[in-house]
Amino acid sequence: MEKVLVTGGAGFIGSHFVKRLLHADDIAEVTVLDALTYAGHIENLGEAFLSPKLRFVHGNILDADLVDDLLSRHTAVVHLAAESHVDRSFFEAGAFLSTNVLGTQTLADAAARHGVTKFVHVSTDEVYGPLPEGYADEDAPVRPTVPYAASKAAGDFVALSYFHTYDVPVCVTRSSNNYGPYQHPEKIIPLFVTRLLQGLPVTIHGQGRHVRNWLHVEDNCAGIELVLRDGIPGEVYNIGGGTDFTTRELTDVLLGVCGAGWDRVSYIPDRRSNDLRYSMVWDKIANGLGYSPTHDIMQGIADTAEWYRRNPDRWAPLMRNPYAPAATVEVTAPAEEGTGVR
Ligand code: NAD
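Residues numbered from 1 in each chain as written. Predicted model: local features only at pLDDT ≥ 70, side-chain atom pairs only at ≥ 80, totals over all residues. Heavy atoms only, no water.

**Q** What am I meant to see in the overall build of the protein chain here?
**A** Within the protein chain, the secondary structure is distributed over twelve helices and twelve strands. Against the 2.2 N^0.38 benchmark of 20 Å for 342 residues, the protein chain shows a C-alpha radius of gyration of 19 Å, consistent with a compact globule. In the protein chain, buried positions account for 57% of the 342 residues. A separation of at least 24 residues holds for 83% of the contacts in the protein chain among residues at least 6 apart in sequence. In the structure as shown, the protein chain presents an accessible area of about 13600 Å², 53% of it carried by carbon and sulfur atoms. (Helix = DSSP H or I, 4+ residues; strand = E, 2+ residues; numbered from the N terminus. Rg over C-alpha atoms; globule rule 2.2 N^0.38 Å. Buried < 20%, exposed > 50% of the residue type's maximum accessible area, 1.4 Å probe, protein only. Contact = heavy atoms within 4.5 Å. Areas by Shrake-Rupley, 256 points an atom, 1.4 Å probe, with all protein chains shown as cover.)

Structure (structure tokens):
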């Protein structure tokens with residue numbers, strides 16, 4: 001019976017993953033380690049606290065003593081804790097490098113000391129950088145262009161180096177853009193939905209031609225669990241299978257589900273380093289581990305918008321918090337709410 005440490009379990013993807021893992025009979029214990037940064041919310045775990053298998057530790061992955069103690073009592077790690085918002089990484093790159101690289105090293109050090117059955121480092125397709133055409137497989141060059149993606153790529157390499165150097169059974173997952181309930185409203189889908197629901201305008205960077213692959217968060221979590229159980233140590237697994245949308249196409253869908261028109265949309269100059277297109281293949285996890293995403297994009301986005309419509313108590317306070325860091329204020333101020341694609 002595995003005892004799994006999930007870092008970042010109070011965040012968007014982590015909270016979905018924890019709820020999924022708690023349903024597995026062969027998982028004895030799930031401990032969430034989360035610093036509850038502006039992006040982490042204990043409420044995201046909600047009903048999961050009904051499970052006697054769940055423990056919550058409020059702490060930082062950079063705290064080596066805490067991490068060492070936790071790893072001595074767990075058999076596997078799924079590492080999702082990160083600074084995750086690209087736009088913030090332009091202003092706070094140090095925090096990204098600290099958490100995403102040194103935090104990963106702190107966890108990997110403890111895993112090397114205590115031994116684990118699996119260490120899954122959850123990463124992103126953004127590490128491959130922009131692909132004007134074609135698709136990245138797991139052997140494609142890693143060419144990040146923004147501080148967020150660079151910090152994730154560095155975290156990938158640090159984690160994998162512990163496989164080669166210390167035999168820590170590390171796997172890396174790289175997924176495309178996730179969507180679904182519980183995402184912080186600074187990210188494009190919840191940002192647009194919550195603004196449109198309030199009758200506010202939205203803005204698109206540049207021409208809105210940037211392409212991202214949108215994957216339901218539960219499909220990503222299914223892929224992460226497969227890698228936790230059956231991933232081959234030392235391997236990287238792309239997790240895709242969502243739908244490619246330009247920002248304009250995505251906006252059109254969001255306007256539709258919110259009952260708003262294009263008169264609510266304006267264009268602002270493009271942000272720095274806004275990669276034109278990410279794209280990757282995910283045959284390896286499909287053929288090797290039986291991954292098969294199940295969510296329909298139109299239904300998934302409609303359900304996501306409905307969740308935001310029904311739960312303003314979950315996002316309105318985040319948009320009004322006077323103590324939020326400057327980037328949040330900038331992102332949520334009505335006159336200049338433009339955001340990058342993620
Ligand atoms: P998120 O920002 O919603 O959640 C991150 C969580 O990590 C928060 O709960 C936060 O409190 C916690 N955290 C941050 N710094 C910490 C620290 N130093 N110590 C402990 N906890 C800390 O992020 P998300 O969207 O859920 O992403 C989760 C992971 O998946 C990240 O590693 C991200 O890079 C990766 N990823 C995300 C996407 C996406 O579309 N959201 C796509 C691909 C990969």
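Moving on from the coordinates now.
**Q** Looking at this structure, I do not really get the sheet that holds strand E9 (residues 211-216). What am I missing?
**A** Paired through backbone hydrogen bonds, the strands of a sheet run either parallel or antiparallel to each other. One open sheet holds the three strands; their spatial order is E7-E9-E11, and the pairing between them is mixed. Across the chains shown, the open sheet's two edge strands, defined by having one partner strand only, are strand E7 (177-179) and strand E11 (243-246). With strand direction ignored, the average angle separating the axes of adjacent strands in the sheet is 45 degrees. Judged from the three bridges that link them, E7 and E9 form a sheet pairing that is parallel. (Pairing = 2+ DSSP bridges. Axes fitted to C-alpha atoms, helices over the stretch in contact; angles between N-to-C directions.)

**Q** Can you walk me through helix H1 (residues 12-22) in this structure?
**A** Residues separated by three or four positions in an α-helix point in the same direction, a consequence of the helix having 3.6 residues per turn. Buried residues dominate H1, accounting for ten of its eleven residues. Buried within H1 are the following residues: Phe-12, Ile-13, Gly-14, Ser-15, His-16, Phe-17, Val-18, Lys-19, Leu-21 and Leu-22. On its buried face, H1 is in contact with strand E1 (2-7), strand E2 (27-34), strand E3 (54-58), strand E4 (76-79), E7 and helix H7 (217-230).

**Q** Got a minute to help me understand the packing of helix H8 (residues 247-258) against helix H10 (residues 297-310) in this structure?
**A** Axis separation between H8 and H10 bottoms out at 10 Å; the angle between their running directions is 55 degrees. One finds that H8 runs oblique with respect to H10. Regarding H8 and H10, the two cross each other, and that crossing is right-handed. On the side of H8, the interface is formed by Leu-250, Val-253, Leu-254 and Val-257, while H10 contributes Met-298, Ile-301, Ala-302, Ala-305 and Arg-309. The class makeup of the residues in the contact of H8 with H10 is eight nonpolar, no polar and one charged. (Parallel < 35°, antiparallel > 145°, perpendicular 65-115°, else oblique. Left-handed = near helix turned anticlockwise from the far one by under 90°. Nonpolar A, V, L, I, M, F, W, Y, C, P; charged D, E, K, R; others polar.)

**Q** Got a minute to help me understand the nonpolar core in this structure?
**A** One broad rule of soluble globular proteins: the nonpolar side chains tend to lie buried together. In this structure, Val-78, Ile-189, Ile-224 and Ile-301 are the most contacted members of the largest nonpolar core, which totals 58 residues. In this structure Ile-224 touches Ile-13, Phe-17, Val-78, Leu-80, Val-120, Val-122, Thr-173 and Ile-239, once residues within four positions along its chain are discounted. In this structure, Leu-5, Ala-111, Val-116 and Val-236 belong to the second largest nonpolar core, which totals 30 residues. (Core = buried A, V, L, I, M, F, W, Y, C linked by side-chain atoms within 4.5 Å.)

So, to be careful, I would describe these as geometric facts and stop short of saying anything about function.
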